Amino acid sequence: MNVLVIGSGGREHALCWKIAASPLVSKLYCAPGNGGISQIAECVPLKVLDFDAIVAFCQSHQIGFVMVGPEDPLVAGLVDRLDKEGIKSFGPSAKAAQLEGSKGYTKDLCAEFNIPTAAYGRFADADAAKIFIAAKGTPIVVKADGLAAGKGVIIAMTLDEATAAIDEIFSGKFGAAGAEVVVEEFLEGEEASFFALCDGTTALPLATAQDHKRVFDHDRGPNTGGMGAYSPAPVLTDAIVARVMREIIEPTVAAMKSRGTPFKGVLFAGLMLTKTGPQLIEYNARFGDPETQVLMMRLKSDIMPALIATHDGTLDKVKLEWKDEAALTVVMAANGYPGPYEKDTEINGIEAANALPQVEVFHAGTRRDADGNVLAIGGRVLNVTATGATVGAAQAQAYKAVALIDWPEGFCRSDIGWRAVAREKRSM
Ligand code: AMP
Ligand code: GLY
């Protein structure tokens, strides 16, 4: 079967790497891809929101399955369009992708179906939001309703900060995403990422993972898309996983089905593990980045039958096997990220890093010049990923690989995996 992957990040490189290993796949394409994906798939310069061009490409290249990576084409209805054309794909319809596309939609769904999440209010005007905040007090969390590339969430410690956040969102800075705000109670606890494949009826949990959102060591500095991740996440014990499935994932899948908008693809729950139990922070309707990089390193089974089963509604027949080993990925980002950064800086040493045992360097924002040199063109640029017997061993190997990469214009955190490594040390 010919397969097309949509996207250009480290998540898509890891998905391409795993999909390329499937005996079911004869030819792999990626649109638009990046400087790493081009080594394992044929990259096609299609825009992820140009649905006509994507459909035309699928038809002229006998594409049997399309794997959609990022949220924008999902929320804009790429899967609906591919369905109409009779092309199988992975991901939710535009209506089901509202779980990610509108925070207010998800909060209302949680309220209606009793799914644990922070108490909240939804507002279309600033004054009403400010009255609500004054009544609730701080700390409090202010969010733009729509997709804001992870930048529309402000954790306000004072009333002034909360008021400024409301004004900022309604100022138009976030475009249509800021037409409404969600204000919610601040939850305390440890965060974890939870993924379940869904076929509209059945949910199949994947291995556990934890992300590092803050840009600097010791979880300091602004939030980013994720500076590193590891799997398994020991904080997600079997008992907590069972609870998350029962209290959060399964009721959501049932609710979406009962609304006539069944959820297919991967449901990615951002969780806060509070003293009273797991609470949903938010849903994403796609795989996590960089969590996918560690999940793909640990997945033993062929991924293609599982992806196809989410479309066909046969997930109840799929079983996934995972390696016992841990995996950890360190994100190398351009100096300045998540703010402005330089582009087209040269990176060397990737081959040497890749040659280390149990290491894969996945590319995110890279391209190759005419001579094949790797240039950085994004904020998050490389995902240096390793496996090991423990998270600590995977961490040591990943940083050994990072040390071989020569890129003066880039940086990374030096403490990815710290919570799990501390837990491992305590239990030794
Ligand atoms: P979101 O885009 O909704 O996942 O929010 C981004 C980040 O903000 C989360 O990963 C959390 O670190 C933080 N956050 C969001 N909502 C809350 C909340 N209600 N309480 C505490 N932290 C939150
Ligand atoms: N790493 C978090 C995300 O993909 O949104």
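Residues numbered from 1 in each chain as written. Chains lettered and ligands numbered in written order. Predicted model: local features only at pLDDT ≥ 70, side-chain atom pairs only at ≥ 80, totals over all residues. Heavy atoms only, no water.

Student: I would appreciate a short explanation of the site of ligand 1 in the present structure.
Tutor: Neighbouring residues of ligand 1: 15 residues in total, closest Glu 184, Glu 185, Leu 187, Glu 191 and Glu 282. One of the side-chain N or O atoms of Lys 143 is found 2.9 Å from an oxygen atom in ligand 1. In the model, an oxygen atom of ligand 1 is placed 3.4 Å from a nitrogen or oxygen of the Lys 213 side chain. Starting from 480 Å² of accessible surface for ligand 1 in isolation, the protein chains cover 93%. Elements with a contribution of two residues or more to the shell around ligand 1: β7 (140-144), β8 (153-156), β9 (181-185) and β17 (277-284). Classifying every residue of the shell around ligand 1 gives 7 nonpolar, 1 polar and 7 charged. (Near = heavy atom within 4 Å. Polar contact = N/O pair within 3.5 Å; in protein donor to acceptor, adjacent residues only side chain to side chain. Areas by Shrake-Rupley, 256 points an atom, 1.4 Å probe, with all protein chains shown as cover. Helix = DSSP H or I, 4+ residues; strand = E, 2+ residues; numbered from the N terminus. Nonpolar A, V, L, I, M, F, W, Y, C, P; charged D, E, K, R; others polar.)

Student: Whenever I open this one, the sheet that holds strand β1 (residues 2-7) confuses me. Can you help?
Tutor: Adjacent strands of a sheet form backbone hydrogen bonds with each other and so pair up, either parallel or antiparallel. Strand order in this open sheet of 5 strands is β3-β2-β1-β4-β5, and the pairing throughout is parallel. Sheet topology places β3 (42-43) and β5 (89-90) at the edges, where each strand pairs with a single neighbour. Here strand β4 (residues 63-68) runs beside β5; their pairing, made up of 2 bridges, is parallel. The residue bridging Val 66 from the neighbouring strand is Ser 89, located in β5. Lying over the sheet, helix α1 (residues 10-20) contacts β1, β2 (27-32) and β4, oriented at roughly 170 degrees with respect to β1. Helix α2 (residues 51-60) contacts β1, β2 and β4 of the sheet and is inclined by roughly 160 degrees relative to β1. (Pairing = 2+ DSSP bridges. Contact = heavy atoms within 4.5 Å. Axes fitted to C-alpha atoms, helices over the stretch in contact; angles between N-to-C directions.)

Student: Sorry, what's going on with the pattern of salt bridges here?
Tutor: When charged atoms on two side chains of opposite charge get close, those side chains can pair. According to the stated counting rule, one finds 25 salt bridges in the structure shown. One salt bridge connects Asp 167 with Lys 130, and the closest N-O pair in it is separated by 2.8 Å. Of this pair, Asp 167 sits in helix α8 (residues 159-173) while Lys 130 sits in helix α7 (residues 126-136), and the two are 37 residues apart along the sequence. You can call Asp 167 partly exposed: its relative accessible area is 38%. Connected via shared salt-bridge partners are Glu 190, Asp 219, Arg 413, Asp 415, Arg 419 and Arg 423. (Salt bridge = Lys/Arg side-chain N within 4 Å of Asp/Glu carboxyl O. Buried < 20%, exposed > 50% of the residue type's maximum accessible area, 1.4 Å probe, protein only.)

Student: What is the right way to read helix α9 (residues 238-258) from this model?
Tutor: Three- or four-residue spacings in an α-helix give side chains the same orientation, since the helix completes a turn every 3.6 residues. Taking 1.5 Å per residue, 21 residues should reach 30 Å; α9 reaches 28 Å between its end C-alpha atoms and fits that length. Along α9, the sharpest kink reaches roughly 40 degrees, centred on Met 245. Along α9, the residues classified as buried are Val 241, Val 244, Met 245, Ile 248, Ile 249, Thr 252, Val 253, Ala 255 and Met 256. Buried residues belonging to α9 abut α5 (98-101), α6 (103-113), β10 (190-199), β11 (203-205), β16 (264-274) and β17. Among the residues trailing α9, Gly 260 stands out with phi positive, at a value near 80 degrees. (Expected span 1.5 Å × (residues − 1). Bend = angle between axes of the 7 residues up to and from the residue.)

Student: Help me out: how do you make sense of the nonpolar core in this one?
Tutor: Inside soluble globular proteins, nonpolar side chains tend to come together where they are buried. In terms of nonpolar packing, the biggest core is built from 79 residues, with Leu 4, Val 66, Phe 194, Leu 236, Ile 249 and Ile 347 touching the most fellow members. Looking at this core element by element, the count peaks at 8 residues for α9. By size, the runner-up hydrophobic cluster in this structure holds 41 residues, among which are Cys 16, Phe 195, Leu 206 and Ile 303. (Core = buried A, V, L, I, M, F, W, Y, C linked by side-chain atoms within 4.5 Å.)

Student: What am I meant to see in the pairing of strand β18 (residues 326-334) here?
Tutor: Within a regular strand, side chains alternate between the sheet's two faces. β18 sits mainly inside the fold: 9 of its 9 residues count as buried. Relative to β18, strand β15 (residues 228-231) runs antiparallel, the two being bridged by 4 bridges. Bridging across to β18, Tyr 230 finds its partner in Leu 328. In the sheet, β18 pairs with strand β23 (residues 380-388) via 8 bridges, with the strands oriented antiparallel. Across the sheet, Val 330 pairs through a bridge with Val 384, a residue of β23. Examined bridge by bridge, β18 and strand β24 (residues 410-411) share 2 bridges and lie antiparallel to one another. From the neighbouring strand, Ala 333 faces β24, where its bridge partner is Phe 411.

Student: Can you help me understand the pairing of β10 in this one?
Tutor: By the criterion of burial, β10 is predominantly enclosed, with 9 of the 10 residues buried. Here β10 hands over to β11 after 3 residues, with Gly 200 in that stretch at a positive phi of 100 degrees.

Student: Can you help me understand the packing of aromatic side chains in this one?
Tutor: Ring pairs (aromatic) are described by centroid distance and by the angle formed between their planes. Under the counting rule described, the total for this entry stands at 6 aromatic pairs. With centroids separated by 5.1 Å and ring planes inclined at 80 degrees, the aromatic side chains of Tyr 29 and Phe 57 adopt a geometry described as edge-to-face. Of this pair, Tyr 29 sits in strand β2 while Phe 57 sits in helix α2, placing them 28 residues apart in sequence. The exposure class assigned to Phe 57 is buried, which follows from its relative accessible area of 9%. Pairing Phe 123 with Phe 132 gives two aromatic rings, centres 5.1 Å apart and planes at 55 degrees, and the pair type is tilted. Judged by relative accessible area, Phe 123 falls into the buried class, the value being 13%. (Phe/Tyr/Trp six-rings, centres within 6.5 Å; stacked < 30°, edge-to-face > 60°.)

In short, the description is geometric, and any link to function would need to be established separately.
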